[in-house]
Amino acid sequence: MAGRLLKLSSLATALFASSGFYLNSRQLDLNDLSVIRFGRAAATTAVISYDYLTAFKHVEYGTEEYWALKSKVHRRSAERLLDLCCANRGTFIKVGQHLGALDYLLPEEYTSTLKVLHSRAPQSSMEEIQKVIREDLGKELSELFVSFEEKPQGAASLAQVHKAVLHDGRTVAVKVQHPKVQTQSSKDIVVMELLVRVVHWLFTDFAFLWLVEEAKKNMPLELDFLNEGRNAEKVANMLSHHTFLKIPMIHWDLSTKRILTMEFAEGGQVNDTDYMKKHGINVNKISENLGKLYSEMIFVHGFVHCDPHPGNVLVRMCPQSKKTEIILLDHGLYQSLEEDFRVNYCRLWQALIKGNMSKVEQYSRRLGAGDLYPLFACVLTARSWTAVSSGISSVPVTNSEDVEIRTNAALYLPQISELLNRVPRQMLLLLKTNDLLRGIETTLQTRASSSSFINMSRCCIQAMARHKRSKVQSRRRRLQINLAESLCLWQLTLYELYLWVKASMLVHWFSALPFRPPH
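These lines cover the structure that appears in this document, whether it is placed above or below. Quick caveat, the model's predicted, so the values are computed rather than measured.

**Some points on empty space enclosed by the protein**
By rolling a water-sized probe across the atoms, one finds the places where empty space is left. Taken as a whole and assessed by the stated rule, the structure comprises 3 cavities of 30 Å³ or more. Within this model, the largest cavity holds a volume of roughly 420 Å³. Surrounding the largest cavity, 22 residues form its lining, Trp 349, Arg 438, Glu 441, Ser 452 and Met 456 being those nearest its centre. Of all elements in the fold, only helix 12 (283-301), helix 13 (339-354), helix 19 (425-444) and helix 20 (450-471) reach the threshold of two or more residues within the lining of the largest cavity. If one sorts the elements of the lining of the largest cavity by residue count, helix 12 sits on top with 7 residues. Taken together, the residues that form the lining of the largest cavity break down as 12 nonpolar, 6 polar and 4 charged. The calculated volume of the second largest cavity comes to roughly 200 Å³. Lining the second largest cavity we find 18 residues, and of these Lys 94, His 98, Glu 222, Leu 333 and Lys 432 sit closest to its centre. For the lining of the second largest cavity, the elements supplying multiple residues, two or more each, are helix 4 (91-100), helix 9 (209-222) and helix 19. Broken down by element, the lining of the second largest cavity gets its largest block of residues, 6 residues, from helix 9. Classifying every residue of the lining of the second largest cavity gives 8 nonpolar, 5 polar and 5 charged.

**Considerations on the pattern of salt bridges**
For the structure shown, the criterion picks out 26 salt bridges. Taking the shortest distance from any N to any O, the salt bridge between Arg 80 and Asp 51 comes out at 3.0 Å. Placement of the pair is Arg 80 in helix 3 (residues 64-88) and Asp 51 in helix 2 (residues 34-54), with a sequence separation of 29 residues. The closest approach of N and O atoms between Arg 469 and Glu 485, which form a salt bridge, is 2.9 Å.

**Focus on the packing of helix 2 against helix 3**
Between helix 2 and helix 3, whose axes approach to 10 Å, the crossing angle comes to 180 degrees. As summarised for this structure, helix 2 and helix 3 are arranged roughly antiparallel, according to the angle between their axes. Across the interface between the two elements, Arg 37, Arg 40, Ala 41, Thr 44, Val 47, Ile 48, Asp 51 and Tyr 52 from helix 2 touch Val 73, His 74, Arg 76, Ser 77, Arg 80, Leu 81, Leu 84, Ala 87 and Asn 88 from helix 3. Residues of the contact of helix 2 with helix 3, tallied by class, amount to 8 nonpolar, 4 polar and 5 charged.

**Some words on the layout of surface pockets**
What the second largest pocket holds in volume is close to 1,500 Å³. Where the lining of the second largest pocket is concerned, the elements lending two or more residues are helix 2, helix 3, helix 4, helix 5 (108-114), helix 8 (181-202), helix 9, helix 17 (399-411) and helix 18 (413-422). In terms of residue count, the dominant contributor to the lining of the second largest pocket is helix 3 (8 residues). Taken together, the residues of the lining of the second largest pocket sort by class into 32 nonpolar, 8 polar and 5 charged.

Quick notes on the rules
Residues numbered from 1 in each chain as written. Predicted model: local features only at pLDDT ≥ 70, side-chain atom pairs only at ≥ 80, totals over all residues. Heavy atoms only, no water. 1 Å grid on protein atoms, 1.4 Å probe; cavity = no way out; pocket = protein on both sides within 12 Å on 5 of 7 lines; lining within 4 Å. Points joined across faces, edges and corners; volume = space filled by probe spheres on them. Helix = DSSP H or I, 4+ residues; strand = E, 2+ residues; numbered from the N terminus. Nonpolar A, V, L, I, M, F, W, Y, C, P; charged D, E, K, R; others polar. Salt bridge = Lys/Arg side-chain N within 4 Å of Asp/Glu carboxyl O. Axes fitted to C-alpha atoms, helices over the stretch in contact; angles between N-to-C directions. Parallel < 35°, antiparallel > 145°, perpendicular 65-115°, else oblique. Contact = heavy atoms within 4.5 Å.

Written out as structure tokens, the structure is:
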């Protein structure tokens, strides 16, 4: 086995070297050639695989020395993977960012290393940006904008955003796709699929083909900026009753598949607690409102923004209303949930909140988890089985529980991989979304707050009532459903009021205590 890997590594090195001579004579960019991108990926895969195959030969399994060595192998493999993503850019960075969000699946050494990819995205030169604009809009920058800032406001794996001013004085954000991403992405995904299959052949426990399948399905959608604009308008109309939500308006006359021009919106990232403190923004209110948005998207509408990493969620104090706003950006990746899936997912979360284990099993099985339903419940909630069994709304999150979850994730990797290959494909993006939202809550220190469970419960009640109404014709039955919905929502409101009064009385009691300075 190790000999085969050595040959693979030698072949990749030879390809790399011969391509270098070719490039030197042609003066081309390394990343323009598929053979270079493939050679780099194959060499990295071979080196990482060889490391895992040979590192533990003289170490007894389960000893302290074994676990310490395994952590080191994880760390250096993650760093090699990071270097590969940064070198190949584009699709590789996008998939690397996804891997960095899989806290419930990958060892900490991988997730902590790959998370930096959100701030390590490449930048296209100004000449490349002008070329894309000229090709797609048919005009020079000066004809379209009064000013166009050369330094991007932000750069991502697929595009970068520039601030500009239109001739009518309006400030806009111009999102321009990196010029070579379109042509490279389909080839990159083929390379990834091939290498993932090779690694699965070497290590049968490694079952990440689902990740490549998701990239294959979602990448064309993310590369179509007109699709992103349509998603932005759809979600803005869908959630227009939430006055705290801001979705930048699209300028369709200046948008194409590779260019998206939208209203410029300024704010701090949702994980920037210093920014929020400086501008008097209530962290708990932001977390609560973000929970409202996503609960409604998931449970009520089944149309979910699936990339809520901090760079895509901004907060600000609105200059006009003086109220806190959430600005949701990057609408390229959405998941549309099928009706049966959404209803079962809704019922599962109701059971998880209440700790109804027979219902947890029933709806987990309906969602494809089978006998792995206890593991599915833990992965979905990022809670221990003890917390799930007791009802996640009644058991606070602790540091020891987080450590237990990370340890179990490493021990049960084969079972988790099997689970992810079993569940419906639409579940995968929801798991990623849940993880990103949990990361924000952890940073804001609002994770598992009572308000988040109340908001989820409220949306579940509304979703189930809407589903039942769609199945009946009788006016009397519809009235019964409406009354039952109103009663449940009133009970939740009263419970919320009780929690608020209880918290207020506690604060008042503490403030009334006499202060005695230490002697």
